[in-house]
Amino acid sequence: MNIFVLMKRTFDTEERISIAGGKINEDGAEFIINPYDEYAIEEAIQIRDSKGGEVTVVTVGNEEAEKQLRTALAMGADKGVLINIEDELEDSDQYTTAKILAEYLKDKEADLIIGGNVAIDGGSGQVGPRVAELLQIPYVTTITKLEIDGSEVTIVRDVEGDSEVIQTSLPLLVTAQQGLNEPRYPSLPGIMKAKKKPLDELELDDLDLEEDDVEAKTKTIEIFLPAEKEAGRVLEGDLSAQVKELVDLLHNEAKVV
Ligand SMILES: Cc1cc2nc3c(=O)[nH]c(=O)nc-3n(C[C@H](O)[C@H](O)[C@H](O)COP(=O)(O)OP(=O)(O)OC[C@H]3O[C@@H](n4cnc5c(N)ncnc54)[C@H](O)[C@@H]3O)c2cc1C
């Protein structure tokens, strides 16, 4: 099986997010593998271990994403590919990312491509389906189970808490949902081995792409933090007085009844 994983380096949303100059301030923030992509990497490794083949993890980003690629290699992936666009593009959106990934993948004869369901920062959930559309292969999103028998594939996907069973065939793109597996932590031998695994770096030129071919189709006009929540209020006194006060507040202050 020739398996590719689409991996995004994201800032840790456990971090306190601030905005400076109309952009999310990344200074001092911790960066991680997008958590949904960890499920994708784990699934790819398990399939490779049971069916043979190779796992290549691909990211579009800048040099700093090498760290997350090495982590994926330490988990057990075989190869990493960084498509470095930092000095080449000023703006980028989902179209840009998907177009670059599809251009890279188009002659790789991938049997299976696994991405995350959504990136925890950008959060559009567009990249996987866009890549599949560009490659003209089927795709199934938010999967929680994947079984491969020859070229036949049976998938369970999460539909807002319910499950849907889908049958399809390779080559295929899927996006991983929480519950697909339990991603492993890189082991110490895994970390040592990862240092020697291949990590290729490509630029747009290597993919025969010009800046115009991948120009963003959207423009971010404004980014802002949600309004701060007001402090809660605890009602006191006997129960009937509290109920009376609550109804009064809902009616006159919140104006919801
Ligand atoms: C140098 C640089 C500059 C950027 N500038 C801008 C900008 O100006 N405006 C802007 O809006 N965005 C910018 N981005 C973000 C970029 O456009 C996003 O990576 C892209 O839009 C993905 O959208 P999303 O975060 O909604 O991902 P989603 O579609 O939610 O991600 C779903 C899945 O797609 C895959 N995926 C997503 N992104 C990548 C990736 N980069 N590489 C590999 N797999 C991926 C992963 O499997 C992920 O789990 C920039 C990114 C880089 C690296």
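The model shown is predicted, which means the values in this text are computed figures rather than measured ones.

Definitions and cut-offs
- Residues numbered from 1 in each chain as written.
- Predicted model: local features only at pLDDT ≥ 70, side-chain atom pairs only at ≥ 80, totals over all residues.
- Heavy atoms only, no water.
- Near = heavy atom within 4 Å.
- Polar contact = N/O pair within 3.5 Å; in protein donor to acceptor, adjacent residues only side chain to side chain.
- Areas by Shrake-Rupley, 256 points an atom, 1.4 Å probe, with all protein chains shown as cover.
- Nonpolar A, V, L, I, M, F, W, Y, C, P; charged D, E, K, R; others polar.
- Helix = DSSP H or I, 4+ residues; strand = E, 2+ residues; numbered from the N terminus.
- Expected span 1.5 Å × (residues − 1).
- Buried < 20%, exposed > 50% of the residue type's maximum accessible area, 1.4 Å probe, protein only.
- Contact = heavy atoms within 4.5 Å.
- Pairing = 2+ DSSP bridges.

(A) Molecular detail of the site of the ligand. In the region of the ligand, 27 residues are neighbours, and Leu-6, Lys-8, Asp-37, Ser-124 and Gly-125 sit closest. At a separation of 3.4 Å, a nitrogen atom of the ligand approaches a polar backbone atom of Met-7. Contact between the ligand and Gln-126: an oxygen atom at 2.8 Å from a main-chain N or O atom of the residue. Protein burial of the ligand: of its 910 Å² of free accessible surface, 83% is covered by the chains. Grouping the constituent residues of the shell around the ligand by class yields eight nonpolar, 14 polar and five charged.

(B) Just helix H3 (residues 94-105), in detail. Given a rise of 1.5 Å per residue, twelve residues ought to cover 16 Å, and the 16 Å separating the end C-alpha atoms of H3 matches this to within 8%. Within H3, ten of the twelve residues are buried, which leaves it mostly tucked inside the rest of the structure. Along H3, the positions that sit buried rather than exposed are Tyr-95, Thr-96, Ala-98, Lys-99, Ile-100, Leu-101, Ala-102, Glu-103, Tyr-104 and Leu-105. Each element contacted by the buried residues of H3 is listed here: strand E1 (2-6), strand E6 (54-61), strand E7 (79-84), strand E8 (112-116), helix H4 (127-135) and strand E13 (199-202). A distance of 3.0 Å separates the backbone nitrogen of Tyr-95 from a side-chain oxygen at the start of H3, and that oxygen is part of Asp-93.

(C) Broad picture of the environment of Ser-50. Here Ser-50 is to be found in helix H1 (residues 35-51). Here Ser-50 falls in the exposed class, since its relative accessible area comes to 57%. Taking the C-alpha atoms as reference points, Ser-50 and Pro-186, separated by 136 residues in sequence, lie 19 Å from one another.

(D) View of the pairing of strand E11 (residues 162-169). With eight bridges connecting them, strand E10 (residues 152-159) and E11 associate as antiparallel partners. Residue pairing across strands places Val-153 opposite Thr-168, the latter belonging to E11. Hairpin remark: E10 followed by E11, antiparallel, with two residues in the connecting loop; positive phi at Glu-160, about 50°.

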